[in-house]
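# Observations on chain architecture
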Protein chains: 4
Amino acid sequence: MPGLRGVIRGSQEPLERDWTEASLIADRRDLHRHPETGWTEFRTTAIVVERLRALGYSPLLGADVCQAASRRGVPDPEALDAAWSRARAEGVDGDLLETMRGGMTGAVALRRWGRGPVVALRFDMDALDLMESEAATHRPLREGFASVHKGICHACGHDGHVAIGLGVAHALARSKHSLQGTLKLIFQPAEEGVRGARSIVEAGHLDDVDIVVGCHVLTGWALGELAPGLGGYAATRKLDVLFRGEAAHAGGMPEGGRNALLAAATAAVHLHALPRHHAGFTRVHVGRLTAGSGRNVIPEQALLVAEVRGETMELCAFMAERALAVVTAAASMYGCTVEVRPMGEAGTARSDPDLARRIEHVASAVGDFHCFAVDAVGGSEDFTEMMLHVQERGGMAAYVGLGADLTGVHRDDADRSRVLAAHTSTFDFDERVLGGAVSLLSGLVVDVLGGVSPRSERSDVDT
Amino acid sequence: MPGLRGVIRGSQEPLERDWTEASLIADRRDLHRHPETGWTEFRTTAIVVERLRALGYSPLLGADVCQAASRRGVPDPEALDAAWSRARAEGVDGDLLETMRGGMTGAVALRRWGRGPVVALRFDMDALDLMESEAATHRPLREGFASVHKGICHACGHDGHVAIGLGVAHALARSKHSLQGTLKLIFQPAEEGVRGARSIVEAGHLDDVDIVVGCHVLTGWALGELAPGLGGYAATRKLDVLFRGEAAHAGGMPEGGRNALLAAATAAVHLHALPRHHAGFTRVHVGRLTAGSGRNVIPEQALLVAEVRGETMELCAFMAERALAVVTAAASMYGCTVEVRPMGEAGTARSDPDLARRIEHVASAVGDFHCFAVDAVGGSEDFTEMMLHVQERGGMAAYVGLGADLTGVHRDDADRSRVLAAHTSTFDFDERVLGGAVSLLSGLVVDVLGGVSPRSERSDVDT
Amino acid sequence: MPGLRGVIRGSQEPLERDWTEASLIADRRDLHRHPETGWTEFRTTAIVVERLRALGYSPLLGADVCQAASRRGVPDPEALDAAWSRARAEGVDGDLLETMRGGMTGAVALRRWGRGPVVALRFDMDALDLMESEAATHRPLREGFASVHKGICHACGHDGHVAIGLGVAHALARSKHSLQGTLKLIFQPAEEGVRGARSIVEAGHLDDVDIVVGCHVLTGWALGELAPGLGGYAATRKLDVLFRGEAAHAGGMPEGGRNALLAAATAAVHLHALPRHHAGFTRVHVGRLTAGSGRNVIPEQALLVAEVRGETMELCAFMAERALAVVTAAASMYGCTVEVRPMGEAGTARSDPDLARRIEHVASAVGDFHCFAVDAVGGSEDFTEMMLHVQERGGMAAYVGLGADLTGVHRDDADRSRVLAAHTSTFDFDERVLGGAVSLLSGLVVDVLGGVSPRSERSDVDT
Amino acid sequence: MPGLRGVIRGSQEPLERDWTEASLIADRRDLHRHPETGWTEFRTTAIVVERLRALGYSPLLGADVCQAASRRGVPDPEALDAAWSRARAEGVDGDLLETMRGGMTGAVALRRWGRGPVVALRFDMDALDLMESEAATHRPLREGFASVHKGICHACGHDGHVAIGLGVAHALARSKHSLQGTLKLIFQPAEEGVRGARSIVEAGHLDDVDIVVGCHVLTGWALGELAPGLGGYAATRKLDVLFRGEAAHAGGMPEGGRNALLAAATAAVHLHALPRHHAGFTRVHVGRLTAGSGRNVIPEQALLVAEVRGETMELCAFMAERALAVVTAAASMYGCTVEVRPMGEAGTARSDPDLARRIEHVASAVGDFHCFAVDAVGGSEDFTEMMLHVQERGGMAAYVGLGADLTGVHRDDADRSRVLAAHTSTFDFDERVLGGAVSLLSGLVVDVLGGVSPRSERSDVDT
């Protein structure tokens, strides 16, 4: 992003800037080395909290962040314990860890400057259950910040999002701007699997918000390319499907038992064979199948980790309903029972065009951004839960895409609609995006709370 | 087994008998509490070795037992390490543990009495990856000897086999009989999955053996019922099938990636759809399927843990060949590659009728046994590798089934052919079988090496 | 269509009008009673030819209509013979039948009025292999014009299209308008399965065409609703997939033979499991599967009648490529060979907006039409082959949708994009659409060839 | 069969012998050219009836042969009509045809010689739905007696069986032996699919029978090899499975409709994946699958033509029960309904050893036969219904296998258990078997009814 200045131009005074690109990158790399999956962001949360406290914030913690009962897809106690122990072994403060017992991760921090609108920024924190590439060409490995948590990696850029959030906290911590209003920084756990946003909404944190903004780094988009108001995220439901059969000796009594593995395998195939829909795009996917135990034992248990999506809520519901019919029939075909557990869900939402325009305007003030109006296709995002909640109450919401492709290649418009090349073992992004993102989001807060519209000063902006 | 006398009758002097039914049961229960799967029988081996040494044997250990390269289905280093650490934590002697590095478990002990035939007895030691029943009615739980290794249990009676082996070692340790010949006690690792026998054969331990005998407790057969020469074990091949695809974001680019999970699920279903064969029974089974990682990631890896069996070597080969075609096609259907790893194999073998008759004769001398000539159907046993090896060199082999059903119900003949109700989470057996088995096997050794045929003394035996 | 006037208003003189609504409906019903599937439209063609000749046209016939080698999906000789014999039995003239030997159906008629543009109108003629509803409520049955060809029915409205074509031929046969240019009436065989259009293009009939227009009755749209320029038809490829295995006795030698039925069943399931695509809608479908012979014989042949579609040519090609991988793998899984035969194909095309506007204008002049700009979703149409050919040479093309729902219900816009509720056994349409369509298409020809733009006369039209 | 004498040796006078090998072969070839499938044996029955009448028998016909309601798998009226018309076109007498209306084929003829036992011989008559080989090497083609009924052929030797039956009728028509008892010749329709025997039993024809004998030519066995008492035929049930879904346009509304084709394809795959059974052999097979109509229509109907078998009645019932679960689940997976229609069934039965020995004895008297005691494996035979009925009432039954392999190769015993290499398009047999079979069966009747046991004369027979 040549020429990225990291300051607010025009009538605005420079924001304090003792965060530097280098410190943002250092933060991101530290987080990248220590990825934590949803509801186990113990170390990540601790770092966020300690940094916020050092900057003078008094972040809410533990049960004050997410409504416990609304959390979806919380790992089982063994997995929580293992992650908790790992965090402790990595030196996380014991008191902080105690507040996070049972996976109560995440943090919410406020900064108030008198009366005025409430602007919330949301940053997601969690990593993926994915083995990071061990290819010699993979930069995190080459430069020494590859995941040290085997089988887990930040392959969706949330490490960067947290670093951006910390940068914004820094930039606005002691702002001398005469702002009016409230900044709310939301560090959300468990976005992957769309499991966390709703529990923050249910805790009431979005009830008083006038403007909520989230962001996502985009590989596939060149550095400096900006989507000020992404939309098109699919509605989705995450389902765990548990088949229970009956064991028997596969050689001595093959007809005994009830084969949960075959039930699950059958379900997986036929879920993918669910029909397309005339009314818009749909998705169905089985991300994981684990079944059986001994080689010569009829498998008595099987688990499918699945999801459906739809361009609309109706399409998503259609897919969920049909998926239920498939797994039920597959179970009955092999004499098994089946239990379907909801593990996450998110709706569809659109960024408000007015807010997107405002973001575009700020972008032109703080750096050399090139804006594009496109929609994500196929992906889901539980930030939509926050967007819908704020929009339903008369507020505005926007989801910002930040080009950060390492290849530096500019795509044409058709390709740009494919915003998510994430979730691969070689995922990485251009870290120069971090500084620009901090400038943009800080600038947006100043713009909204400062009362001085950058628009009035720039006659050449007339979108 | 009412009337079981535990001594050798007739012209033979009583064997020393400071092993007792109680001590056999105590051994079995200790082993049952600490089950170890194939190639991780660290604690089990250590107990065997220490007991053998205490009795004056000098058992072979570590690399002297199994030829390392011929071992099949050795767990990965992490699993070996974990089991090794567990054994150490359970107090296993460090020096012994060192000899077993890398899963070199098992033991072979000799006792020589001058020149004469070599009689080998084989006892298998390993447990299964199976969660033991936690039902209140499950005796091991009720009586305090349930597995303390979660997810592992002795559901095939090998705990009893080891206890029998130790009992025989005891009984014959200081025999005052004027025997002529050699006793070889083989404590074999990794019978489950038919992974271990061949590596003992390859190490040469069966090369000089004239008679080899193995035994198995049989649920489904009443106490006292005896199969002096089981046959009919199926030829089998154990295969791990690894599919490799390519990851992608399931929502944003569902057509990207190559779905290893669907390849594996397809293979699992169609393996089970392999045709029956006119020439005899066949089996095919997928015992475990694990595929994928994150819920919204196209799975890039999948593993099938599978096996085929056949009534003959040819039928087994037929199934293996067809299975290969299925997994290859399933991989190619989903653009994946596939690797098939041999994990174990066993042939078919028959007990020698002459040896079976001799066993039957000894049985009538040492206890109230009722003999039946039946075949196992469907099960496999890698003891067949030892049988075939000895038989090919002119020796004799027999596999002895020992009725030990807890229910005490006598079956009719048709049901008796189903010898294996094992491999269920509630497996348990009547421990009174242990004493009888020690008497029988000890008596057989004395009979073979003693030069005095029980037959000559009993005119009523003329089967 | 209340107020439908059937005449050209404004400056234009009335067209000759001895065709009446009643005669159009009579034509449609006669055709409906005698449906003929693609390349067997012997009777239909004969009726068209005789009527055209009576009106003074000299229609091209037989080999002059479709290029024989470019025809796709021609039925096998037995089926052609059977249909041919049926047509003869129904009284079709022997000489005409001779010209159509081998399925050379269809007709092209010209009318020239001096120099000027060439306007082509295309009408498709074929019916579907579908059993017509025998429900008492089905109007064709109730009113005596249900199909007398069992298993075949006009469930897509082509009977109406032919009637419209004859009406237009009539209306313009002896036009007294001082027209300049050429009218080309194309009665196309085998639209179902997109098998016929290309062979007419290849015969050169579109080479000199400046404007080509096709039309389709739309159930789901109310009478009077008009789509002057439909687009969005999916690219498609039609494939017959033939699996060849080997027969054997299923009881006596189940492992013998190679099961073509299972290969085909597997292919069918996994074709439907082809992944969705991020870049747009896709379709895959197996419409027919026939496999096997005797109950106890391993099936040695199987046929899949399949199709793929895509929103773009690329998506269609993607689906075709993946489909090929699936059927190839399914064949190899069951030891079969597979042959994939192309049976039809059509691209995507868009109506020219200028021509659509002109049609809308004419529509406002000839009747009470309400125009909507929508796209078909999911359906395919081989008229696109003609559109693309004309557009590539600088001409214009439009595909006109004609609301004709029997229920009379007006849909909202969202529903209107679903233009095809056709291909069900109860398909029927409001025959009042026929007169309106004749007026519209005749009026369009007069408008284009007449030199007098209706637009110049009507100041209120400024779309 | 070198040395076949065609006469009864020993004390017995020669049977009249104006039937010749040549006439038997001519009969077989005429039947081979005009194969008729089950319940459409119009021409075959007519020939049998006319020949029997010419010999002085008064055969029962039409409704007197099979109990109409007990017939299974009767073709639909169209198929019956078509076959009936074909038979009429082939010159079958109209009156005879009238008696067979609705598929009432078959014939039963009696010959009584005073009081004495009732001996029934059964001959099956029907052909298979199978295209006969058109290879130049196929003898029926080469020698001009290939099937003229396309898609139907005698690939199981029933043409030979009928010829044998006529030969026996001839041989015994005017026997001068002083016989005591009754001969019953049963020409049974619809053995393929095990559809006919039960309806003859239900009609009472076996109620008074003391000895019932059936026979089958065996390819795979050399000429002269004889199985005097086959057993081991599997119990079987024949099922037609009809799925009903709902049609829709596959492109325009893929999610509409309910896909009966996919339900059936899924059922077919998973039927074949039914588990093996420890207690004996099982079979499951789908011989035909027909589903769908138009290429772009969601298929609304599908038919599976299936069968299950088991070594015992219990195993057969097990398979039928599991099959039902699979097809039910497959239907529900795709929102379809399913109907399972029983189309045939047969039990297991064993030949009586005493009768087999008697047949062996007669065989040694009438020709150079070599007898083997083997079982059929995997095949089914509805003659078992007659066997069971007679045996249950105290009579005896035997099923005789007659070696007739064209290759002349003698197999070893292991191969001989595979008695059915039939049901392939190139099936053919050595016609010299016909004369031997007539001699054997005639001789058996004479032996049983004649009161003079061949045994008494031959001291060397003491099996």
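Structure: see above.
Each chain carries its own residue numbering, running from 1 in the direction its sequence is written. Throughout, the order in which chains and ligands are written sets their labels, letters from A for the former and numbers from 1 for the latter. Local features in a predicted model are, by the rule used here, given only for residues with pLDDT of at least 70; side-chain atom pairs are given and counted only at 80 or more, and totals for whole chains, interfaces and linings are based on all residues. Values reported for side chains reflect all heavy atoms of the structure, with hydrogen atoms and water molecules removed beforehand.

## Looking at the overall build of chain A
Stated formally: Only DSSP runs of H or I reaching four residues or more are called helices, and only runs of E reaching two or more are called strands; each is numbered from the N terminus. Accessibility here uses a 1.4 Å probe with only protein chains present; expressed as a share of the type maximum, an area under 20% marks a residue as buried, one over 50% as exposed, and anything in between as partly exposed. Note on areas: Shrake-Rupley with a 1.4 Å probe; residue coverage comes only from the protein chains shown.
Tallying secondary structure elements over chain A gives 14 helices and eleven strands in all. Classification of the 463 residues of chain A by burial places 64% in the buried group. Within the structure as shown, chain A displays about 15,400 Å² of accessible surface, and the carbon and sulfur contribution to it stands at 49%.

## A closer look at the packing of aromatic side chains
Selection criterion: Any Phe, Tyr or Trp ring, taking Trp's six-membered ring, that has another such ring centre within 6.5 Å forms a pair; planes under 30 degrees apart are called stacked, those over 60 apart edge-to-face, and the others tilted. Each ring is checked for a lysine NZ or an arginine CZ that lies within 6 Å of its centre and within 35 degrees of its normal; such an atom marks a charge sitting over the ring.
Evaluation of the coordinates by the stated rule reveals 20 aromatic pairs over all chains. For the ring pair B:Tyr233 and B:Tyr399, a centre distance of 5.4 Å and an interplane angle of 80° mean the geometry is edge-to-face. On the criterion of sequence distance, the pair formed by B:Tyr233 in the loop between β5 (225-227) and β6 (235-244) and B:Tyr399 in strand β11 (residues 396-403) is long-range, its members being 166 residues apart. Here the aromatic rings of D:Phe427 and D:Phe429 are separated by 6.4 Å at their centres, their planes lie at 55°, and the arrangement is tilted. The same class applies to D:Phe427 as to D:Phe429, namely buried. Taken together through their ring pairs, the aromatic side chains of A:Tyr233, A:Phe383 and A:Tyr399 make up a single cluster. Lying across the ring of A:Trp39, A:Arg71 places its NZ or CZ 5.2 Å from the centre. A cation over an aromatic ring shows up here: A:Arg101 above the ring of A:Trp84, its NZ or CZ 3.8 Å from the ring centre.

## A closer look at helix α13 (residues 432-450) of chain C
Quick reminder of the rule: Helix span is expected to be 1.5 Å times the residue number reduced by one.
Along its 19 residues, α13(C) runs 27 Å from first to last C-alpha, staying within 8% of the 27 Å computed at 1.5 Å per residue. α13(C) sits mainly inside the fold: 17 of its 19 residues count as buried.

## A short note on the relation of the copies chain B and chain D
The cut-off we apply is this: Here the copies were fitted onto each other by least squares, based on C-alpha atoms from residues at pLDDT of at least 70 in both. The criterion used for residue contact is that any of the two residues' heavy atoms lie within 4.5 Å.
With an RMSD of 0.1 Å, the operation that places chain B on chain D is a rotation of 180° combined with a shift of 0.0 Å along the axis. Within this description, the copies of the chain are treated as partners about a two-fold rotation axis. No C-alpha of chain B lies nearer the rotation axis than that of B:Ala273, which sits 1.9 Å from it. When the interface residues of chain B are mapped onto chain D, 100% of them again fall at the interface, so both copies present the same face.

## Quick look at the interface of chain B and chain D
It is common to give the size of an interface as the accessible area lost on bringing the parts into contact. Stated formally: Throughout, buried area stands for the accessible area (probe radius 1.4 Å) lost by two parts on being put together, summed over both. N or O atoms closer than or at 3.5 Å make up a polar contact, with two conditions inside protein: a donor-capable atom paired with an acceptor-capable one, and, for residues adjacent in sequence, both atoms drawn from side chains.
Contacts between the two partners involve 15 residues from chain B and, on the opposite side, 15 residues from chain D. Buried area between chain B and chain D, both sides added, is near 1,200 Å², and the carbon and sulfur share of it is 55%. Summed over the shared surface of chain B and chain D, the result is eight residue pairs in polar contact (both at pLDDT 80 or more).

## Describing the state of the cysteines
Every disulfide links exactly two cysteines, by a covalent bond between their sulfur atoms. Test applied: By definition, disulfides here are pairs of cysteine sulfur atoms that lie within 2.5 Å.
Applying the stated criterion across every chain, the model contains zero disulfides over all chains. The thiol of A:Cys156 is unpaired, and the distance to the nearest cysteine sulfur, on A:Cys153, comes to 10 Å.

## Here's the deal with the interface of chain A and chain B
Counted only if it meets this: By definition here, a salt bridge exists when the distance from a side-chain nitrogen of Lys or Arg to a carboxyl oxygen of Asp or Glu is within 4 Å. Gly counts as polar in this scheme, as do all residues outside two lists: the nonpolar Ala, Val, Leu, Ile, Met, Phe, Trp, Tyr, Cys and Pro, and the charged Asp, Glu, Lys and Arg. Two strands are counted as paired when DSSP detects at least two bridges linking them.
Every contact between the two is made by 52 residues of chain A and, on the other side, 54 residues of chain B. Where chain A abuts chain B, roughly 4,200 Å² becomes buried across the two surfaces, and 58% of that area is made up of carbon and sulfur atoms. Counting every contact that joins chain A to chain B gives two salt bridges. Applying the counting rule to chain A against chain B returns 17 residue pairs in polar contact (both at pLDDT 80 or more). A per-element tally of the side of chain A that touches chain B places strand β7 (residues 282-292) of chain A first, with nine residues. Of the residues belonging to the side of chain A that touches chain B, the class tally is 23 nonpolar, 17 polar and twelve charged. Here β7(A) runs beside strand β7 (residues 282-292) of chain B; their pairing, made up of five bridges, is antiparallel. Bridge pairing in β7(B) links A:Leu289 to B:Ala291.

## Some points on the relation of the copies chain A and chain B
Of the transformation superimposing chain A on chain B, the axial component is 0.1 Å and the angular component is 179°, with the fit at an RMSD of 0.2 Å. The fraction of interface residues of chain A whose copies in chain B are also interface residues reaches 98%, indicating that both copies meet through the same surface.

## Details of the sheet that holds strand β1 (residues 107-113) of chain B
Residues and elements named next belong to chain B. Under the convention used in this document: Axis angles are defined between N-to-C directions and span 0 to 180 degrees, where every axis is a line fitted to C-alpha atoms and, for a helix, only to the segment in contact.
Taken in spatial order, the seven strands line up as β1-β3-β2-β4-β11-β5-β10 in an open sheet, and their pairing is mixed. Among the strands making up the open sheet, the edge pair consists of β1 and β10 (370-371). Relative to strand β3 (residues 181-188), β1 runs antiparallel, the two being bridged by seven bridges. Bridge assignment links Arg112 to a residue of β3, and that residue is Thr182. Where helix α10 (residues 353-366) meets the sheet, its contacts fall on β4 (211-218), β5, β10 and β11, and the angle it forms with β11 comes to roughly 45°. Against the sheet, helix α11 (residues 383-392) contacts β2 (118-124), β3, β4 and β11, and its axis sits at roughly 145° relative to β11.

## Structural notes on the nonpolar core
What counts, and what does not: The term nonpolar core refers to a set of buried residues drawn from Ala, Val, Leu, Ile, Met, Phe, Trp, Tyr and Cys, joined through side-chain atoms within 4.5 Å.
Core analysis: the biggest nonpolar cluster contains 148 residues, and A:Phe243, B:Phe243, C:Phe243 and D:Phe243 have the highest contact counts within it. Sequence-distant contacts of A:Phe243, defined by excluding residues within four places in its chain, comprise A:Ala260, A:Ala263, A:Ala264, A:Ala267, A:Glu300, A:Gln301, A:Ala302, A:Leu304, A:Val327, A:Ala331, A:Thr337 and A:Val338. By size, the runner-up hydrophobic cluster in this structure holds 74 residues, among which are A:Phe42, A:Leu97, A:Ala398 and A:Val448.

## Remarks on the environment of A:Glu311
Residues and elements named next belong to chain A. Following the sequence through the fold, Glu311 ends up in the loop between β8 (301-310) and α9 (313-333). Each C-alpha atom, one on Glu311 and one on Ala235, is 6.3 Å from the other, the two residues being 76 residues apart in sequence. Beyond its immediate stretch of four places on either side in the chain, Glu311 contacts Gly280, Phe281 and Thr348. At a separation of 2.7 Å, a polar atom in the side chain of Glu311 contacts the main-chain amide nitrogen of Phe281.

## Describing the sheet that holds strand β2 (residues 118-124) of chain C
Residues and elements named next belong to chain C. As summarised here, the arrangement of the seven strands in space is β1-β3-β2-β4-β11-β5-β10, forming an open sheet in which the pairing is mixed. Among the strands making up the open sheet, the edge pair consists of β1 (107-113) and β10 (370-371). As judged from the two bridges shared by strand β5 (residues 225-227) and strand β11 (residues 396-403), these two strands associate in the antiparallel manner. Counterpart to Leu226 in the pairing with β11 is Leu402. Along the sheet face, helix α11 (residues 383-392) touches β2, β3 (181-188), β4 (211-218) and β11 and points at about 145° away from the line of β11.

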